[in-house]
Amino acid sequence: MDVDPQFSLQLVSSLPGHEERAWQVAWNPAKPLLASCSADKTVRLYRYQHTSEDQEILPSFSHINTISTAHTKTVRSVAWAPSGKVFATGSFDSNVGIYEKKQELDDENGLDESEEWECAAMLEGHETECKSVAYSATGTLLASCSRDKTVWIWEVQPDADFECMGVIMEHSQDVKCVAWHPTEEILASASYDDTIKLYVDDPSDDWYCLSTLTGHESTVWSLAWSPDGNYLASASDDLSIRIWKRVDQYEWKFVHQIKGHERSIYSISWNIGKGTSSKSMGWLASTGGDGKIYVWEISVSSSTTDELHLHSFIRRVKQSLEKSTQEILCSKLIASISSAHGDGDVNSVQWCPRPGFEDLLATAGDDGSVKVWRVVPTNSS
């Protein structure tokens, strides 16, 4: 793999507290809040803030609330609505929970250490463990997936009311992850059947599968869209990350593979990052069963037709002659850390989506803790 450790991962904050395995972290897109969920059936909320106007000073994190959910089993997934006022949970009890604050505050950040959250709705339908939940970019749709091999799409209505818009049964095995396109109503799902499927709504009918992406040789655990929505990354039990490029409205093709992890890759996250190159497509973070966190810079380069012919010959890949130049995707490992959560697995990694915090990421591990990391230039760590 192409290695250029020009950055390092600096631990910003270690946030213990869950009594059992921490499964996922989710940054609030609108407010300085971070959520985590766990096998202990709780969701923990943390607040962060800069204690100085100097942006180089690390933000401070503090625990502000532990929400005892209405779930009867492990809370496997947590996701914020784009408004930042609501979050959803997916649980091994097969249900999806919707949580809102009891009273909306008027201050700028809407934060209060004494604020209370309540379960506004419990969505039933899945027959067994719910593995993942995700809100669409507009917040008008919520997706969930399950061990029962189905993907459900719910329409978000006023007063915490939800209407099921479709139950999609395209996968042949456990569905591990759902992820919405960053700007369009296109949904991707990943499964134990080694495939990724993409769905759109047919206005005259129902949601349907428009494409199936194959190539992974084992379970696909996680999905992440590129910030511009032109690429989709998938992480697998086969120790690889595959990147798929959108080449037509409803067509994607495999364009790049990343390897480096020594055990299953459980989680990936793609954000704009702070790359200096004009060809940078952002930073992709990955983590999993080997306890390592990798940060890759994804970029594009243009090759001439002659160069493409050479690559084709060496790799025995047929290349089209339709264009004189073609973009080639590249990946470079720019930062890494081992034993991020001690000897245990790292189950989730997520970049902070808020402006000014593009170099912050959070992880959740089998040790029950949440950790926040910052990508810093090597000479600054």
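For every chain, the first residue of its written sequence is number 1, and the numbers climb from 1 along that sequence. In keeping with the predicted nature of the model, local features appear solely for residues at pLDDT of at least 70, side-chain atom pairs appear and are counted solely at 80 or more, and the whole-chain, interface and lining totals rest on all residues. With hydrogens and water stripped out, all remaining heavy atoms of the structure feed into the side-chain values.

### Remarks on the overall build of the protein
So, step 1. The helix count covers DSSP runs of H or I at least four residues long, the strand count covers runs of E at least two residues long, and both are numbered beginning at the N terminus. Of regular secondary structure, the protein possesses 1 helix and 28 strands.
So, step 2. Taking all 381 residues of the protein together, the buried fraction comes to 56%.
So, step 3. Excluding contacts between residues fewer than 6 apart, the proportion of contacts in the protein whose partners are at least 24 apart in sequence is 53%.
So, step 4. Each accessible area is a Shrake-Rupley result for a 1.4 Å probe, and residues are judged covered by the shown protein chains and nothing else. Accessible surface, the protein as shown: approximately 16,900 Å² in total, 43% of it carbon and sulfur. Note on exposure labels: buried denotes an accessible area under 20% of the residue type's maximum, exposed denotes more than 50%, and partly exposed covers the range between, all computed with a 1.4 Å probe on protein chains only. Here, two residues are considered to be in contact whenever any of their heavy atoms come within 4.5 Å of each other.

### Section: the state of the cysteines
So, step 1. The definition used for a disulfide is geometric: two cysteine sulfur atoms within 2.5 Å. As enumerated under the stated definition, the model contains 0 disulfides in all.
So, step 2. Here Cys177 is not cross-linked by a disulfide; its sulfur's nearest cysteine counterpart is in Cys145, at 6.5 Å.
So, step 3. The buried category is assigned to Cys177, whose relative accessible area is 10%.

### Some points on the sheet that holds strand 10 (residues 130–135)
So, step 1. At least two bridges found by DSSP between two strands are what make those strands a pair. Read across the open sheet, the 4 strands follow the order 10-11-12-13; overall the sheet is antiparallel. The sheet is open, and its two edges are formed by strand 10 and strand 13 (161–168), each paired on a single side. Adjacent strand axes in the sheet meet at a mean angle of 20 degrees when their direction is disregarded.
So, step 2. Where strand 10 lies against strand 11 (residues 141–146), 5 bridges are found, and the strand directions are antiparallel. Within strand 11, the residue paired with Ala134 across the bridge is Ala143. Every axis in this analysis is a line fitted to C-alpha atoms, fitted for helices over the stretch in contact. Angles between the N-to-C directions lie between 0 and 180 degrees.

### Points about the pairing of strand 18 (residues 220–225)
So, step 1. Within strand 18, 5 of the 6 residues are buried, which leaves it mostly tucked inside the rest of the structure.
So, step 2. The pairing of strand 18 with strand 19 (residues 231–236) spans 5 bridges and is classified as antiparallel. Bridged to Ala224 within strand 19 is Ala233.
So, step 3. If you look at the hairpin formed by strand 18 and strand 19, you'll find 5 residues sitting between the two strands, and Gly229 has a positive phi there, around 80 degrees.

### Description of the layout of surface pockets
So, step 1. In this structure, the largest pocket spans a volume of roughly 1,200 Å³.
So, step 2. Lining residues are those with an atom within 4 Å of a point, where the points come from a 1 Å grid over the protein atoms alone and group into cavities, where a 1.4 Å probe fits but cannot get out, or pockets, open sets with protein on both sides within 12 Å along at least five of seven lines. Every residue lining the largest pocket is counted, 49 residues in all, and those nearest its centre are Tyr135, Ala179, Trp180, Ser269 and Gln350.
So, step 3. Counting only elements with at least two residues in the lining of the largest pocket, the list comes to strand 2 (22–27), strand 6 (75–80), strand 10, strand 14 (175–180), strand 18, strand 22 (265–271) and strand 26 (346–351).
So, step 4. Ranked by residue count, the leading element in the lining of the largest pocket is strand 22, at 6 residues.
So, step 5. Across the lining of the largest pocket, the residue classes break down as 31 nonpolar, 13 polar and 5 charged. Grid points are joined across faces, edges and corners, and a volume is the space filled by probe spheres set on the points. Nonpolar residues are Ala, Val, Leu, Ile, Met, Phe, Trp, Tyr, Cys and Pro. Charged residues are Asp, Glu, Lys and Arg, and all others, Gly as well, are polar.

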